[in-house]
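# Tertiary structure, described
So the chains spell out like this:
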Amino acid sequence: MDANGRRVLAVAILASFVAFLDGAIVNVALPAIRAELGGGLAGQQWVVNAYLVTLGALILVAGSLSDLHGRKVILRVGLIGFLLTSVAIAAAPTIEFAIGARALQGIAGALLVPSSLALITTHFGEATRGRAIGAWTAATSAAMLVAPLIGGLFIDLASWRWAFLINVLPIGVTLWLLAGLQTPDVRRPGARVDLIASALCALGLGGVVFGLIEGSRLGWGDPLVLGAVIVGAALFAAFLLRQRRSPEPVMPLELFRIRNFWAGNLATTFIYAALALNGFAVVVFLQETAGFPATLAGAASLPITVIMILGSSAIGRWADRIGPRLFMTAGPAIMAVGAALLLTAGDPFDYWLQMLPGVVLLGVGLTVTVSPLTSAVLGSVEDGREGIASAVNNAVSRVAGLLVVAVIALIAGGDLTLQGFHRTAIATAVLFAAGAIASWAGIRNSPRA
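Cut-offs used in this document
Residues numbered from 1 in each chain as written. Predicted model: local features only at pLDDT ≥ 70, side-chain atom pairs only at ≥ 80, totals over all residues. Heavy atoms only, no water. Helix = DSSP H or I, 4+ residues; strand = E, 2+ residues; numbered from the N terminus. Contact = heavy atoms within 4.5 Å. Expected span 1.5 Å × (residues − 1). Buried < 20%, exposed > 50% of the residue type's maximum accessible area, 1.4 Å probe, protein only. Patch = residues over 30% accessible without salt bridge, like charges linked within 9 Å, V, L, I, M, F, W, Y side chains within 5 Å. Areas by Shrake-Rupley, 256 points an atom, 1.4 Å probe, with all protein chains shown as cover. Salt bridge = Lys/Arg side-chain N within 4 Å of Asp/Glu carboxyl O.

This paragraph deals with the environment of Phe-154. Note on placement: Phe-154 falls in helix α6 (residues 126-157). Residues Phe-154 and Ala-294, 140 residues apart in the sequence, show an inter-C-alpha distance of 8.8 Å. Setting aside chain neighbours within four positions, we find Phe-154 in contact with Ser-159, Trp-162, Ala-163 and Ile-166.

As structure tokens, this is what we get:
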């Protein structure tokens, strides 16, 4: 890899690092936000999901924008927007303001991940793409997993508000590297952006999520809850119908005719729903039920970070040689066992005996899964469509997390007590197992592999 290739990889990693870092920090900050700004469990869910609604809906538009205006332009706009919204969240006077700022941050975050991955796939050839994606996976996943520890230190030593200002330095470095990037920007002639479809998607997801979150508080028979779910589902159905008829859709449904693309996204749905459920439940349970300070609750997932840093690049190379199917099946199966081991958590709680074994297996399974999954999905589409393929896959993962966090109160049976945590562990194991089955049944290795 030459100097410019290393710079491309650094920009892609740092741009995604910013979005993943903030998305992971928020979980460990939830108890402190609840204590200072109020809002209860529903407020905590909205702080997470306001970001995921706009991210999941507009990440599709970001893929089209990336193809239309170029990866570097969209990355620059997203970085500046993320910086401004991070400052706004840190200054939030009320829970409502924080939720609104998180929604705006999701718009900026939507511009970062698909453009950064598309930058990798357009710059690196087939021979080195797996290695580059493996390095991207290791670094960004490590950022996502070490973020709770960093955020916990800020929360315990200063305030949860400072945890959202961590992005300032990496954003500045990324903008500087981006300015000196020699790689020509790639644009797809004739690409368009369908803003109506984007609005239908955002409003549809928002309505469904509102109903799922507020249903536990207001009651599932409440007219507001039922109306929100029905209207949201109708708007999302209208979005899908528009995609079928649009000459330039933001989510090209014909991509789902490609076997590895639809199978990879089905596996993504189950796997990332499980990861979102586990990430939310573990840090909140450790702080609010087990009595851990924010720093220790954030450090609980540190073994996953170490395992991913050590293994992701090698897994990416092996998956290039023998194909992704075995890895995408074995990884979620290992994580299902790890989630099941969390059922050993009891009172009194012992992290080393009751949680660490499961966390280690989650780290091994995640390392085995993520890089082959990314390569399988992006490698299944024709050249020039990596931007939109990356956007769709990221949207699927974010929407899966969005929906499972929306129903976490229903899964846990109320709050995250010990019994509620056990229920989330069972649900997490089931979702991981479903991801393994979907991968084995759907994914096929390429003849090259």
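That was the structure; now back to the text.
What follows concerns helix α4 (residues 95-110). Taking 1.5 Å of rise per residue, 16 residues should cover 22 Å, and α4 covers 23 Å from first to last C-alpha, within 8% of that figure. Along α4, the residues that are buried comprise Ile-95, Ala-98, Ile-99, Ala-101, Arg-102, Gln-105, Gly-106, Ala-108, Gly-109 and Ala-110.

Take a nonpolar patch on the surface next. Taken together, the side chains of Leu-153, Phe-154, Leu-157 and Trp-162 make up a nonpolar region of the molecular surface, amounting to roughly 440 Å² of accessible area. Looking at the nonpolar patch, the element that brings in the most residues is α6, giving three residues. Take Trp-162: it is sitting in helix α7 (residues 160-163).

Attention shifts here to the pattern of salt bridges. Summed over the entire model, instances satisfying the criterion amount to four salt bridges. With a shortest N-O distance of 3.6 Å, Glu-288 and Arg-34 are connected by a salt bridge. Here Glu-288, found in helix α11 (residues 259-288), pairs with Arg-34, found in helix α1 (residues 3-37); they are 254 residues apart in sequence, far enough to count as distant. Across the salt bridge formed by Arg-34 and Asp-415, the nearest N and O atoms sit 3.7 Å from each other. Taken as a pair, Arg-34 in helix α1 and Asp-415 in the loop between α18 (408-412) and α19 (418-442) lie far apart in primary sequence, 381 residues in all. On the accessibility criterion, Arg-34 (25% relative accessible area) is partly exposed. Relative accessible area serves as the criterion here: at 34%, Asp-415 is assigned to the partly exposed category.

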